[in-house]
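Observations on the three-dimensional arrangement
Residues per chain, in single letters:
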Amino acid sequence: MNRRNFLRTTAIGAAMAVTPLSFSALGQATRNTVKSGRMRLTFEPYELKLKHAFNLARNQRTSTPGVQVRIDLDGITGYGEASMPPYLGENVESVTGFLSQVDLTQFADPFRVKDIHEYLESIAPNNRAAKASVDIALHDLLGKIMNQPWYKIWGLNPDKAPDTSYTISYNADPDEMNAEIEETAPFKIVKVKMGVGHDKELVRALRAVSAVPICVDANQGWTSKEHALEMCNWLAEQNCRFVEQPMPKEMIDETAWLRERSPLPIIADEFLQRLPDVRKAAGAYDGINIKLMKSTGLHEAHQMAELARALGMKVMLGCMTETSCAVTAAAQLSPMVDWADLDGNLLIANDIFDGTKIVDGKVTIPSDRPGIGVIPLKA
Ligand code: MG
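Sequence order sets the numbering: in each chain, residues are counted from 1 along the sequence as written. Selection of residues for local features in this predicted model requires a pLDDT of at least 70, selection of side-chain atom pairs for listing and counting requires 80 or more, and totals for whole chains, interfaces and linings are taken over all residues. Calculated side-chain values reflect all of the structure's heavy atoms, with hydrogen atoms and water omitted.

Considering the overall build of the protein
Formally: Secondary structure elements are defined from DSSP: runs of H or I of at least 4 residues count as helices, runs of E of at least 2 residues count as strands, and each element is numbered from the N terminus. Summary of the burial criterion: residues with accessible area below 20% of their type's maximum are buried, those above 50% are exposed, and those between are partly exposed, where the area comes from a 1.4 Å probe applied to protein chains only. Throughout, a contact is declared for two residues whenever any of their heavy atoms are within 4.5 Å. Using the Shrake-Rupley algorithm and a 1.4 Å probe, accessible areas are obtained, with residue cover drawn only from the displayed protein chains.
The helix and strand tally for the protein stands at 14 helices and 17 strands. Every one of the 379 residues in the protein was classed for burial, and the buried ones make up 59%. Long-range contacts, defined here as pairs at least 24 residues apart, represent 69% of the contacts in the protein between residues at least 6 apart. As presented, the protein carries roughly 14800 Å² of accessible surface, and 50% of it is formed by carbon and sulfur atoms.

This is how it looks when you write it as structure tokens:
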């Protein structure tokens, strides 16, 4: 499905609650100022093509399934999306199946965000990416109604947004790996995927051309605490800032052991998903990695960042491979966090939104745009 088709076609869902509305129809609605007074949800699958294959600890992949979502109300459109990397346990069928059950027309007031989230929870307990897609589109809609970007609504200072990292992973083809390393040039911190073997080779290849600070994501790939500690000690000498999910999420006691000895902060990613998990992570990790596709969107992500701060934890903001839609939504939260890893839109070859940009190594929030700050790209 190309972007043009997404713009043209109506939602695939045929359920009563899912009312198709094309962009051309939206233009007409805007001109005529139709006051339907009820939110309409539409959605469309959209596969994200990766620029480089991801070599992760447990698999390799070249694309990520996604679903694009929009909520229309009185001529205003909110955009959202779900991205479903396989390890999250969601796919196009589960997301569209969930969204087909969502009936937002029952909410006369779109600002009842908590009620809407309670309603989404009542449909099914999981489906976090599907819920995130609704949440992001809802926030975009509400920000546009208020005519303000979300960082302002939350009272955040965009100058406090941290540098963002760009992700590289080991590649058996040296030319391809060097091409990835070259792409890190505009960034002031590089995220190195580890846990697949060749961990030190990758860092040495980077260090041959750059002294840039790194952070490491082992993606649960180190299965002994002694090896994890040895890697943390070695990485501390390689200008590394922190290590994300060094060991499998089930190895909580071993992670707590590592944390007591590691010279680098240990950050939870796969270990945690949502708000109640933050407190569980506090015993074994120094910080958490918040992602909208795990947290069910911006509403809970904001709460997670506040709770982690209250617990004295570090906060990292990450993403999946996503279009600029979800990445720009996450960027609205970036002034709250210590580290940002918002490169998901840069890792795909078929973005369909204009949004956040990397300027001088930082994620910028489009300050002049309300809502989440994105504009769909024209054909
Ligand atoms: Mg991670």
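Continuing now.
Points about the pattern of salt bridges
For clarity, the threshold we go by: Salt bridges are defined by distance alone: a side-chain nitrogen of Lys or Arg within 4 Å of a carboxyl oxygen of Asp or Glu.
All chains considered together, the criterion is met by 22 salt bridges. Arg-274 serves as the salt-bridge partner of Glu-121, at 2.9 Å between the closest nitrogen and oxygen. In this pair, Glu-121 is assigned in helix H4 (residues 113–123) and Arg-274 in the loop between strand S10 (266–268) and helix H11 (275–281), connecting sequence segments 153 residues apart. Taking relative accessible area as the criterion, Glu-121 reaches 29% and is therefore assigned partly exposed. The class of Arg-274 is buried, set by a relative accessible area of 15%. With a closest N to O distance of 2.8 Å, Lys-291 and Asp-269 form a salt bridge. Here Lys-291 is found in strand S11 (residues 287–291), whereas its partner Asp-269 is found in the loop between S10 and H11, with 22 residues between them in sequence. As far as burial versus exposure is concerned, Lys-291 and Asp-269 are alike and both buried. Overlapping salt bridges, with partners in common, bring together Lys-191, Lys-193, Asp-217, Glu-244 and Asp-341 in one network.

Quick look at the state of the cysteines
Short version of the rule: Two cysteine sulfur atoms form a disulfide, by the criterion used here, when they sit within 2.5 Å.
Tallied over the entire structure, the rule returns zero disulfides. Cys-215 carries a free sulfur, and the closest cysteine sulfur to it, the one in Cys-240, is 6.8 Å from it.

Quick word on the pairing of strand S9 (residues 240–244)
Definition in use: Two strands qualify as a pair provided DSSP detects at least 2 bridges between them. The definition of a right-handed crossover adopted here requires that, viewed with the strands pointing away, the path from the first strand over the helix to the second runs clockwise.
Across the five residues that make up S9, a large majority, four, are buried. By the bridge criterion, three bridges tie strand S8 (residues 214–217) to S9 in an arrangement that is parallel. Counterpart to Val-216 in the pairing with S9 is Val-243. Handedness of the crossover joining S8 and S9 through helix H9 (residues 225–236): right-handed. With two bridges joining them, S9 and S10 adopt parallel strand pairing.

Here we look at unusual backbone geometry
Within the chain, Asn-147 stands out as a residue other than glycine whose phi angle is a positive 60°. Topologically, Asn-147 is positioned in the loop between helix H5 (128–146) and helix H6 (150–153). What makes Asn-147 exposed here is its relative accessible area of 53%. With a phi close to 55°, Asn-239 is a non-glycine residue in the positive phi region.

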